[in-house]
Amino acid sequence: MAQGVKLNELAEKMELKNLTQSVDLADKEVAVPDVNRPALQLTGYFDHFDSDRVQIIGYVEYTFLQTLSRERKIEIYKQFLSCKVPCVIFSTDVYPDGDFLELATKADIPILTTTKTTSAFMAELIRWMNVKLAPCISIHGVLVDVYGVGVLIMGESGIGKSEAALELIKRGHRLVTDDVVEIRKVSDETLVGSAPDITRHFIELRGIGIVDVKSMFGVQSVRETQNIDLVITLEEWDREKEYDRLGLEESYTEFLGNKVVCHSIPIRPGRNLAIIVESAAVNHRQKQMGYNAAQELYKRVQENLTRRR
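Conventions adopted
- Every chain begins its residue count from 1, and numbering advances along the sequence as written.
- Given that this is a predicted model, residues contribute local features only at a pLDDT of at least 70 and side-chain atom pairs are listed and counted only at 80 or more, while totals for whole chains, interfaces and linings are drawn from all residues.
- To obtain the side-chain values, all non-hydrogen atoms of the structure were included, while hydrogens and water were left out.
- Convention adopted: a line fitted to C-alpha atoms gives each axis, helices being fitted over their contacting stretch, and angles between N-to-C directions are expressed from 0 to 180 degrees.
- A run of H or I in DSSP counts as a helix once it spans at least four residues, and a run of E counts as a strand once it spans at least two, with each numbered from the N terminus.
- For classification, angles of less than 35 degrees are called roughly parallel, those exceeding 145 degrees roughly antiparallel, those between 65 and 115 degrees roughly perpendicular, and all remaining angles oblique.
- Note on convention: the crossing is left-handed when the near helix lies turned anticlockwise from the far helix by less than a right angle, right-handed when the turn is clockwise.
- Contacts are assigned to residue pairs that have any heavy atoms within 4.5 Å of one another.
- Residues were grouped as follows: Ala, Val, Leu, Ile, Met, Phe, Trp, Tyr, Cys and Pro as nonpolar; Asp, Glu, Lys and Arg as charged; and all remaining residues, including Gly, as polar.
- Between the first and last residue of a helix there are one fewer steps than residues, each counted as 1.5 Å, and that sum is the expected span.
- Under the scheme applied here, a residue whose accessible area is under 20% of the maximum for its type counts as buried, over 50% as exposed, and between as partly exposed, the area being computed with a 1.4 Å probe on protein chains only.
- The arc in question is the one spanned by the directions pointing from the helix axis to the C-beta atoms.
- Being paired, for any two strands, means DSSP has found at least two bridges between them.
- Joining through side-chain atoms within 4.5 Å is the link that ties buried Ala, Val, Leu, Ile, Met, Phe, Trp, Tyr and Cys residues into a set, and such a set is a nonpolar core.
- Here a polar contact is recorded for every N or O atom pair within 3.5 Å, except that within protein the pair must consist of a potential hydrogen donor and a potential acceptor, and residues adjacent in sequence are included only if both atoms are side-chain atoms.

Take the packing of helix α3 (residues 70–81) against helix α4 (residues 98–106) next. It is the contact of α3 with α4, at a shortest axis distance of 10 Å, that shows an interaxial angle of 30°. The pairing of α3 with α4 is recorded here as roughly parallel in orientation. Where α3 crosses over α4, the handedness of that crossing is right-handed. Contacts between α3 and α4 pair Arg70, Ile74, Tyr77, Lys78, Phe80 and Leu81 from the former with Asp99, Phe100, Leu103 and Ala104 from the latter. Classifying every residue of the contact of α3 with α4 by side-chain character gives 7 nonpolar, no polar and 3 charged.

Between the first and last C-alpha of α3 there are 16 Å, a value that for 12 residues agrees with the 16 Å anticipated at 1.5 Å per step. Along α3, the positions that sit buried rather than exposed are Lys73, Ile76, Tyr77, Phe80 and Leu81. In an axial view of α3, the angular spread of the buried residues amounts to 120°, which keeps them on one side of the axis. Close packing links the buried residues of α3 with β5 (54–57), α2 (59–65), β6 (88–90) and α4.

Read from one edge of the open sheet, 5 strands run β2-β7-β6-β5-β4, paired in mixed fashion. Edge positions in the sheet fall to β2 (17–18) and β4 (35–36), since each has one partner strand and no second. When β2 meets strand β7 (residues 111–113), the two strands line up antiparallel, connected through 2 bridges. In the strand pairing of β7, asparagine 18 is matched with leucine 112. Helix-sheet contacts for helix α5 (residues 118–132) involve β4, β5 and β6, and the interaxial angle to β5 is about 165°.

Right, let's talk about the nonpolar core for a bit. Counting 29 residues, the largest nonpolar core has Val144, Val151, Ile153, Ile232 and Leu234 as its most contacted members. Listed by contribution, the elements that provide at least two residues to this core are β9 (142–146), β10 (149–155), α6 (161–170), β14 (202–205), β17 (230–236), β19 (258–267) and α8 (273–288). Each residue touching isoleucine 232, except ones within four places of it in the same chain, is listed here: Val151, Leu152, Ile153, Met154, His263, Ile265, Val277 and Ala280.

A word on the side chain of serine 162. Within the secondary structure, serine 162 is located in helix α6. Looking at serine 162, its side chain comes within polar contact range of the side chain of aspartate 178, at 2.6 Å. Within polar-contact distance, the side chain of serine 162 engages the backbone oxygen of glutamate 204 at 3.4 Å. Those residues in contact with serine 162, other than ones at most four positions away along the chain, are Val142, Asp178, Ile203, Glu204 and Leu205.

This part takes up the pairing of β5. Neither face of β5 is left uncovered, since the one carrying Val54 and Ile56 and the one carrying Gln55 and Ile57 both have all their residues buried. By the bridge criterion, 2 bridges tie β4 to β5 in an arrangement that is parallel. Note that in β5 the partner of asparagine 36 across the bridge is glutamine 55.

Below is the structure:
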């Protein structure tokens with residue numbers, strides 16, 4: 001699991017305004033991707049309180065607080081802030097009163113605000129934090145976006161992964177990362193790949209050196225993240241090995257407990273890897289849309305045999 005998201009990064013990404021300027025956001029972080037609306041807590045019920053989550057006070061909670069006396073509000077504020085929540089965000093352009101800000105500053109708890117509506121903001125925040133805090137591994141490979149399909153190209157060092165990626169970029173596809181792929185499990189069905197900050201947009205070509213893809217081919221040739229939909233493993237041609245020539249059954253590889261369709265491609269001189277990767281991506285997309293060329297061929301063969309009988 002990721003270490004946590006710094007609150008200054010969260011505030012910048014979500015365009016939040018910090019109302020407690022004396023509280024340093026860079027020293028604070030949140031490690032849970034869920035949020036909490038402290039409705040029951042504002043009535044004084046603190047059993048089963050998820051105090052490690054980002055706390056969001058929307059218009060409903062704000063208007064409820066206006067019905068309380070100042071003494072009761074201060075009592076609730078003290079009890080709420082004593083739970084050491086990571087931060088409190090006021091949404092829908094509502095603002096806390098002076099007592100809340102003073103007590104939060106003393107408790108060293110950041111108070112932030114946004115003009116976005118509560119539901120829309122919560123959905124956006126949860127989605128972003130799920131990606132940032134997802135379980136993550138780093139592997140050796142190349143990730144490219146081919147016709148909207150995230151293709152992870154793997155294989156031994158020097159087998160031609162980067163060269164294949166460069167040819168794909170020249171053909172109009174987009175690079176996500178070369179050499180090191182950071183894979184995050186954002187759900188039980190979805191893996192998202194990205195590049196380490198230090199190597200983003202760079203490709204290493206043996207004999208040439210480092211190439212800046214973004215500068216050379218333009219911003220349309222790169223993207224920051226991409227779902228991993230297909231894995232292509234490049235390997236040296238082995239005469240003794242039987243390779244799948246029909247594709248009736250899918251093979252899979254696993255990352256962080258998620259299975260991804262995997263094809264093993266034998267490498268021989270003269271094979272155009274870029275076209276093979278393109279074809280694999282389009283074929284995968286066809287299967288996702290309900291059409292399987294191998295099954296269609298099998299069906300035609302069976303029908304032909306039936307007619308002959």
